[in-house]
Amino acid sequence: MELRGRHVTLRPTVAADASTLAAILAEPEVARWWGDFDLDRVVAELIVGDPDETPFAIEQDGIVIGYIQAVEENEPDFRSAGIDLFLRTDAQGRGHGPDAIRTLAAHLIDERGHHRLTIDPAAANERAIRCYERVGFRRVGIMRRYWRDPAGEWQDGLLLDLLAGELS
Ligand SMILES: CC(C)(COP(=O)(O)OP(=O)(O)OC[C@H]1O[C@@H](n2cnc3c(N)ncnc32)[C@H](O)[C@@H]1OP(=O)(O)O)[C@@H](O)C(=O)NCCC(=O)NCCS
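Criteria and thresholds
Residues numbered from 1 in each chain as written. Predicted model: local features only at pLDDT ≥ 70, side-chain atom pairs only at ≥ 80, totals over all residues. Heavy atoms only, no water. Helix = DSSP H or I, 4+ residues; strand = E, 2+ residues; numbered from the N terminus. Rg over C-alpha atoms; globule rule 2.2 N^0.38 Å. Buried < 20%, exposed > 50% of the residue type's maximum accessible area, 1.4 Å probe, protein only. Contact = heavy atoms within 4.5 Å. Areas by Shrake-Rupley, 256 points an atom, 1.4 Å probe, with all protein chains shown as cover. Lys, Arg positive; Asp, Glu negative; His and termini not counted. Charge placed at Lys NZ, Arg CZ, Asp CG, Glu CD. Salt bridge = Lys/Arg side-chain N within 4 Å of Asp/Glu carboxyl O. Pairing = 2+ DSSP bridges. Right-handed = clockwise from strand over helix to strand, strands pointing away. Patch = residues over 30% accessible without salt bridge, like charges linked within 9 Å, V, L, I, M, F, W, Y side chains within 5 Å. Near = heavy atom within 4 Å. Polar contact = N/O pair within 3.5 Å; in protein donor to acceptor, adjacent residues only side chain to side chain. Nonpolar A, V, L, I, M, F, W, Y, C, P; charged D, E, K, R; others polar.

Draft legend 1. Molecular detail of the overall build of the protein. Regarding its fold elements, the protein presents five helices and eight strands. Starting at the N terminus and ending at the C terminus, the protein contains elements arranged as β-β-α-α-α-β-β-β-α-β-α-β-β. What you see for the protein is a C-alpha radius of gyration of 15 Å, in line with the 15 Å of a compact globule of 168 residues. Each principal axis of the C-alpha atoms in the protein carries an extent, and together these give about 40 × 35 × 30 Å. The burial tally for the protein puts 45% of its 168 residues in the buried class. Taking contacts inside the protein between residues at least 6 apart in sequence as the whole, the part at least 24 apart equals 58%. Of the accessible surface of the protein, which amounts to about 9000 Å², a share of 48% is contributed by carbon and sulfur atoms. Across the protein, 19 positive and 30 negative side-chain charges occur, with their mean positions spaced 7 Å apart.

Printed below as a string of structure tokens:
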């Protein structure tokens, strides 16, 4: 399954993507928010993943510039889907993140039938939060001491959500 955005294409990750994704995750601007990933962790979490996760490579002109995944909660009374992503440092700040998120969000709403999407950046990740708000996500609130940063310190997260119809 390939999903086409305005400028980026999302396609399922394959084993051959592992070294490219590991190299992107090693870039300081990405590692700062995603933590330490060796090749084995990339394969286990970003290529294979859990059954409720759908991982995609983000491509522009056939080149992998990042990664985005959907994590679906399919318990009928709590159905929703979460989105996580990262872009290569030199591909950031050009609108590719919003393009990739809109493309996956539209798929989750229109094809997968989700009425609610969530995203949970670090509260200090201002760039990510601005990007998600531009797409239509709204702030729900601070999750205190939500994630452990690469230095081992617990840090706050910000929960944002988007209802079908709010995608801009
Ligand atoms: C977060 C991320 C997905 C956003 O995608 P993107 O394509 O870079 O998003 P945009 O092109 O919309 O650019 C980000 C916006 O923040 C602005 N921005 C850039 N650097 C910034 C900074 N240090 N602080 C605040 N805002 C910043 C950009 O100018 C742009 O805003 P504007 O166009 O309204 O002026 C991408 O930057 C990324 O992968 N970052 C590293 C990993 C990461 O943080 N992943 C998310 C974890 S939840």
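Draft legend 2. Focus on the pattern of salt bridges. On inspection of all chains with the given rule, the structure shows 13 salt bridges. In this structure, arginine 4 engages glutamate 2 in a salt bridge whose closest nitrogen and oxygen atoms are separated by 3.1 Å. With relative accessibility at 46%, the residue glutamate 2 sits in the partly exposed group. Ionic pairing is found between glutamate 29 and arginine 32, a salt bridge with its closest N-O pair at 3.8 Å. Here arginine 32 and glutamate 29 lie together in helix H2 (residues 28-34), a separation of three residues that amounts to about one turn. Under the relative-accessibility criterion, arginine 32 is labelled partly exposed at 45%. Bridged by salt links that share partners, the residues Arg11, Asp17 and Glu59 form one connected network.

Draft legend 3. Main features of the pairing of strand S6 (residues 116-119). Relative to S6, strand S5 (residues 80-87) runs parallel, the two sharing two bridges. Paired with alanine 81 across the bridge in S6 is leucine 117. Traced from S5 through helix H4 (residues 96-110) to S6, the parallel crossover comes out right-handed. Across four bridges, the pairing between S6 and strand S8 (residues 154-163) is antiparallel. The partner of threonine 118 across the bridge, within S8, is aspartate 161.

Draft legend 4. Fine view of a negative patch on the surface. Where like charges cluster on the molecular surface, the negative patch consists of Asp50, Asp52, Glu73, Glu75 and Asp77. The topology assignment puts aspartate 77 in the loop between strand S4 (63-73) and S5.

Draft legend 5. Fine view of the site of the ligand. Residues in contact with the ligand amount to 22 residues; listed here are only the nearest, Leu87, Gly93, Gly95, Arg130 and Arg134. Note that an oxygen atom of the ligand is positioned 3.5 Å from one of the backbone N or O atoms of histidine 96. Out of a free accessible area of 940 Å², the ligand has 74% covered by protein chains. Put simply, the parts of the chain that give the shell around the ligand at least two residues each are H2, S5, H4 and helix H5 (126-135). No other element matches H5, which puts seven residues into the shell around the ligand. Within the shell around the ligand, the residues separate by chemical class into ten nonpolar, six polar and six charged.

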